[in-house]
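# An overview of the molecular structure
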Amino acid sequence: MARVPVQFTLNGEEKAEFVESGVTLLKALRDKIGDMSVKGGCQQGTCGSCSVIIDGELRLSCLTLAESCNGAAIETTGGLAEPGALHPLQHAFADGFATQCGFCTPGMIMAAKALLDRNPSPSREDVVEAISGNICRCTGYEPIIQAILDASRANSLSVA
Ligand code: FES
Ligand code: FES
């Protein structure tokens with residue numbers, strides 16, 4: 001299969017790789033770049049576990065061609081924590097027991113980040129809508145919803 005060059009930033013770092021034409025961003029991030037924070041579940045667009053943010057928009061990396069990301073800015077959970085400091089969403093998920101097996105967590109957190117980036121003070125309904133494409137088989141969703149609301153309050157306190 002033909003290989004094509006692709007360049008993008010991943011969590012602010014420049015990346016340049018040759019990928020097979022037609023390969024998904026999910027596969028390229030994990031197999032080529034080594035960002036194992038992105039999880040592949042259904043690989044057909046129904047579970048949300050592979051969610052990433054591309055140019056500010058929440059996207060499913062299993063349905064996105066790597067070669068379509070040329071010049072894009074890609075964010076994953078792998079880039080959220082600062083050295084020695086978790087991101088407020090990561091804190092809230094840990095403190096609120098919003099993760100059990102953890103498989104859905106990276107996708108949930110990226111869906112939550114995409115929401116908080118555009119709406120720092122979401123309602124409960126906004127949160128439910130924002131994670132409606134993300135399946136969790138463990139938590140019953142309530143701890144996740146609460147964690148995202150807690151993170152939004154922590155954010156607003158830190159900028160007050
Ligand atoms: S792995 Fe992409 S939506 Fe399930
Ligand atoms: S914590 Fe297990 S799928 Fe969500």
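Residues numbered from 1 in each chain as written. Chains lettered and ligands numbered in written order. Predicted model: local features only at pLDDT ≥ 70, side-chain atom pairs only at ≥ 80, totals over all residues. Heavy atoms only, no water.

### What about the overall build of the protein chain?
When helices and strands are counted, the protein chain shows five helices and five strands. Seen in sequence order, the protein chain has helices and strands lined up from the N terminus as β-β-α-β-β-β-α-α-α-α. Scaling as 2.2 N^0.38, a compact globule of 160 residues should have a C-alpha radius of gyration of about 15 Å, and the protein chain matches this with 16 Å. Summarising its shape, the C-alpha atoms of the protein chain cover approximately 50 × 35 × 25 Å along the three principal directions. The 160 residues of the protein chain split such that 40% are buried. Taking the 12 positively charged and 18 negatively charged side chains of the protein chain as two groups, their mean positions are separated by 6 Å. (Helix = DSSP H or I, 4+ residues; strand = E, 2+ residues; numbered from the N terminus. Rg over C-alpha atoms; globule rule 2.2 N^0.38 Å. Buried < 20%, exposed > 50% of the residue type's maximum accessible area, 1.4 Å probe, protein only. Lys, Arg positive; Asp, Glu negative; His and termini not counted. Charge placed at Lys NZ, Arg CZ, Asp CG, Glu CD.)

### Things to note about helix H2 (residues 88-95)
Helical geometry note: an α-helix holds 3.6 residues per turn, so side chains three or four residues apart project in the same direction. Along H2, the positions that sit buried rather than exposed are Leu89, Gln90, Ala92 and Phe93. Buried residues of H2, viewed axially, fall in a sector of 165 degrees; they line one side. Positive phi appears at Phe97, one or two residues downstream of H2, with a value of about 55 degrees. (Arc of directions from axis to C-beta.)

### Focus: the environment of Val19
Turning to its location among the elements, Val19 is positioned in strand S2 (residues 13-20). Along the backbone, Val19 and Ser152 are 133 residues apart, and their C-alpha atoms lie at a distance of 37 Å. Beyond its immediate stretch of four places on either side in the chain, Val19 contacts Ala2, Arg3, Val4, Val6, Ala28, Lys32 and Ala66. (Contact = heavy atoms within 4.5 Å.)

### Side note on helix H1 (residues 25-33)
Of all the residues in H1, the buried ones are Leu25, Leu26, Ala28 and Leu29. Of the residues one or two after H1, Gly34 is the one with positive phi, at around 85 degrees.

### As for the domain arrangement of the protein chain
Segmentation of the protein chain into domains returns domain 1 (3-79) and domain 2 (88-159). On a C-alpha basis, the centroid separation for the pair domain 1 and domain 2 is 21 Å. The interface of domain 1 with domain 2 comprises 15 residues on the first partner and 13 residues on the second. At the boundary of domain 1 with domain 2, total buried surface from both sides reaches about 1,100 Å², with 65% on carbon and sulfur atoms. Applying the counting criterion to the domain 1 and domain 2 interface returns one salt bridge. Of the charged contacts in the structure, one is a salt bridge between Glu75 and Lys113, with a shortest N-O distance of 2.8 Å. (Domains from an automatic or database assignment. Buried area = accessible area lost by both parts, 1.4 Å probe. Salt bridge = Lys/Arg side-chain N within 4 Å of Asp/Glu carboxyl O.)

### A word on the pairing of strand S3 (residues 51-54)
Burial along S3 is two-sided: Ser51 and Ile53 and Val52 and Ile54, pointing in opposite directions, are all buried. Of the strand pairs in this sheet, S3 and strand S4 (residues 57-60) are connected by four bridges, and their pairing is antiparallel. Across the sheet, Ile53 pairs through a bridge with Leu58, a residue of S4. Where S3 folds back on S4, the antiparallel hairpin that results is connected by two residues, among which Asp55 adopts a positive phi of roughly 50 degrees. (Pairing = 2+ DSSP bridges.)

### Here's the deal with the side chain of Thr64
With respect to the helices and strands, Thr64 occurs in the loop between S4 and strand S5 (73-75). In contact with Thr64, other than residues within four places in its own chain, are Val23, Thr24, Leu25, Ile54, Arg59 and Cys69.

### Side note on the nonpolar core
Ranked by internal contacts, the top residues of the largest apolar core, which has 25 residues, are Leu89, Phe93, Met108, Val127, Ile131, Ile144 and Ile148. Those elements giving two or more residues to this core turn out to be H2, helix H3 (105-118), helix H4 (124-130) and helix H5 (142-159). The biggest single contributor to this core is H3, with eight residues. Residue contacts for Ile131: discarding those within four places in its chain leaves Met108, Ala111, Tyr141, Ile144, Ile145 and Ile148. By size, the runner-up hydrophobic cluster in this structure holds 18 residues, among which are Phe8, Val38, Cys50 and Ile74. (Core = buried A, V, L, I, M, F, W, Y, C linked by side-chain atoms within 4.5 Å.)

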